[in-house]
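Coordinates in review
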Amino acid sequence: MMIPSYDPNDTEAGLQLLEDLTTNADAIQQQVLHQILSQNSETEYLRSFLDGESCNIQENFKNKAPVVNYEDIKPFIQRISDGDSSDILSAQPITELLTSSGTSGGKPKLMPSTAEELDRKTFFYNMLVPVMNKFVNGLDEGKGMYLLFIKPEIKTPSGLKARPVLTSYYKSEQFKNRPFNKYNVITSPNDAILCEDSQQSMYCQLLCGLVQRSHVLRLGAIFASAFLRAVKFLENHFTELCADIRTGTVASWITDSGCRDSALSILNGPNQELADEIEALFNAKSREGILKRIWPKTKYIEVIVTGSMAQYIPTLEFYSGGLPLVSVMYASSECFFGLNINPLCKPSNVSYTLLPNMAYFEFLPVDDKSHEETQLESRSTDDVSLTDKDRIVDLVSVEIGRYYELIITTFAGLYRYRVGDILKVTGFHNKAPQFSFVERRNVVLSIDTDKTSEEDLMKAVTQAKLNHLQGLLLTEYTSYADTSSIPGHYVLFWELKPRYDNDPPKLDKKMMEDCCSEVEDCLDYVYRRCRNKDRSIGALEIRVVSLGTFDALMDFSISQGSSVNQYKTPRCVKSGGALQILDSRVIGRFFTKRVPQWEPLGLDS
Ligand code: AMP
């Protein structure tokens, strides 16, 4: 009942279903909660809160079940991972644990999942089809070049698989045997997607995408960072790829037989003309707009460019020649949440409509500025007190313009779980609210009493870049709170690329110092007070790193267990390996030359 079936090729039926789901959001949410609770009321976890006698299980749950962080449920997940029966959390057997990009104690968090969840995800993906078809005509006349990757999975002591959510999905029967529909026709063969060696997989997927270039109508990957990594790979390997197209063979380092055979069958013999055409495009003077030239029928690029991915928009625009960037979905290892039902909108206007049948959603109001709970008493933001629990609202009761932290109760064993994302309500579609993704909870940088969020940092960096950076593209950045000297100071690592070539950037001292100052001027009141009045923070520093540094950082992360699909550049690094990688590649250091402006507000605490 909660996973409606319909034909994704029937755009009208799909759009009607979306109308029905959003119009009945409230009733559906109540049904979802009722189903989850009645199904799981005998689990050890719920039994400890829901003591039998109450007649209304939903009210009982809301009064008694705590709002939890991962650390609170970790012991249960650990027990399941070690071999305890999964019915301590979920009546439906937990069939796998999904490794999140969020970590706990340095290791990925593990999210429970069930067989039914794969159907729920399939339903979710199918809902994208009518939405895209509504806005873009003729998608059935060609293919998508989607770069999709898997990662090796591990077995827990109990024998359960632990793997990233997309690995689980791409390996599922639901994906492999996906029925033909307009959205499912992609250039990458399953066997290339399912190759665990990401380099071989990338090479073959790009090769297949190039060979079928005249059919490609859309390009994509999950996150913008992964897509740009593919573009970089393409730039580095085009000669080899063209040589393969020319001769109809596959490079000898592609040893995975699935990859090799599937690519060979798509190559289907030598094609001198195509190889020459593609090579000429790469040998042209500028790479600006190269994607549009290689795949001339492309209508849009489907990559997530919201949240921390927004910083890639300029680079994507550079390579794509201004094709629409489409962020279609908001999803996580815990649950797939919502769709962007206005997919051709500008990246800055993207909102996601949560689908009310995916999970039971609740919202903890947070402060507009600090994104911490608007609270009555001072205490750790990691605990949700009973008073705050009263202020948690249902999906349909959120208010436009307000910020909330998302709390979910899933069909697979998470109850009132804090996802850690901060969302802002931008509007409603029927009764279902729409949210822009603001950031992941918590602050990225702090030296003194200052608290700089990812969003604050991104705004300041964007401002500095726009106002001062000339002839250079900021392709990647991260930050570090350097407290090795007193006072500590913010360090930004910037990877800069000349707009029109790949030479090392020429760094103008004055320009870079202006960037440092602009960042500081844009940071918040408390930061500037610390710098200007308290002098508790030292001059902000920009360390420019050589081209390719952030690729090395990603490789490092992947070697430590991150997945290629889910990898997101951390907006802040702590000490350790990541910092070493950055610091060993510094090609220029610049500091602010003046303290930022700061005026006391009436009552300064
Ligand atoms: P993971 O659990 O590793 O799959 O990561 C899920 C997290 O990625 C979410 O909780 C968000 O913080 C982030 N994320 C997923 N989709 C989006 C999106 N469309 N825009 C911004 N951030 C997203």
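Below or above, wherever it landed, is the structure these notes cover. (Residues numbered from 1 in each chain as written. Predicted model: local features only at pLDDT ≥ 70, side-chain atom pairs only at ≥ 80, totals over all residues. Heavy atoms only, no water.)

Before going further, it helps to spend a moment on the packing of aromatic side chains. For the structure on display, the rule yields 20 aromatic pairs. An angle of 40 degrees between the planes, with centres 4.6 Å apart, marks the rings of Tyr330 and Phe337 as tilted. The positively charged end of Arg120 is found above the aromatic ring belonging to Phe411, 3.6 Å away from the centroid. Seen from the ring of Phe61, Arg416 lies directly overhead, with NZ or CZ sitting 5.6 Å from the centre. (Phe/Tyr/Trp six-rings, centres within 6.5 Å; stacked < 30°, edge-to-face > 60°. Lys NZ or Arg CZ within 6 Å of the ring centre and 35° of its normal.)

This part is about the side chain of Ser90. Along the polypeptide, Ser90 turns up in the loop between helix H5 (70-82) and strand E1 (94-104). In contact with Ser90, not counting residues within four places along its chain, are Asn40, Thr43, Thr114, Phe411, Ala412, Gly413 and Tyr415. (Helix = DSSP H or I, 4+ residues; strand = E, 2+ residues; numbered from the N terminus. Contact = heavy atoms within 4.5 Å.)

All right, on to unusual backbone geometry then. Phi is positive for Asn430, close to 55 degrees, though the residue is something other than glycine. Secondary-structure assignment places Asn430 in the loop between strand E15 (417-429) and strand E16 (432-440). Under the relative-accessibility criterion, Asn430 is labelled partly exposed at 37%. With a phi close to 50 degrees, Arg535 is a non-glycine residue in the positive phi region. Residue position: Arg535 is located in the loop between helix H19 (525-534) and strand E21 (541-545). (Buried < 20%, exposed > 50% of the residue type's maximum accessible area, 1.4 Å probe, protein only.)

This brings us to the nonpolar core. Core analysis: the biggest nonpolar cluster contains 155 residues, and Phe361 and Leu406 have the highest contact counts within it. A total of 12 residues in this core trace back to one element, the largest contributor, which is helix H11 (residues 224-247). For Leu406, the contacting residues outside a window of four places in its chain are Tyr330, Phe337, Leu354, Phe361, Glu362, Phe363, Tyr417, Arg418, Val419, Gly420, Asp421 and Leu423. (Core = buried A, V, L, I, M, F, W, Y, C linked by side-chain atoms within 4.5 Å.)

This part takes up the packing of helix H10 (residues 198-211) against H11. Between two packed helices, both the angle of their axes relative to each other and the distance between the axes serve to describe the pair. Two elements in contact, H10 and H11, have axes whose closest approach is 9 Å; the angle formed by their N-to-C orientations is 65 degrees. Viewed along their axes, H10 and H11 adopt a mutual orientation that is roughly perpendicular. By crossing handedness, the relation of H10 to H11 is classed as right-handed. For the pair H10 and H11, contact is made by Gln199, Met202, Tyr203, Leu206, Leu207, Leu210 and Val211 and by Arg229, Ala230, Phe233, Leu234, His237, Glu240, Leu241, Asp244 and Ile245, respectively. Classifying every residue of the contact of H10 with H11 by side-chain character gives 11 nonpolar, two polar and three charged. (Axes fitted to C-alpha atoms, helices over the stretch in contact; angles between N-to-C directions. Parallel < 35°, antiparallel > 145°, perpendicular 65-115°, else oblique. Left-handed = near helix turned anticlockwise from the far one by under 90°. Nonpolar A, V, L, I, M, F, W, Y, C, P; charged D, E, K, R; others polar.)

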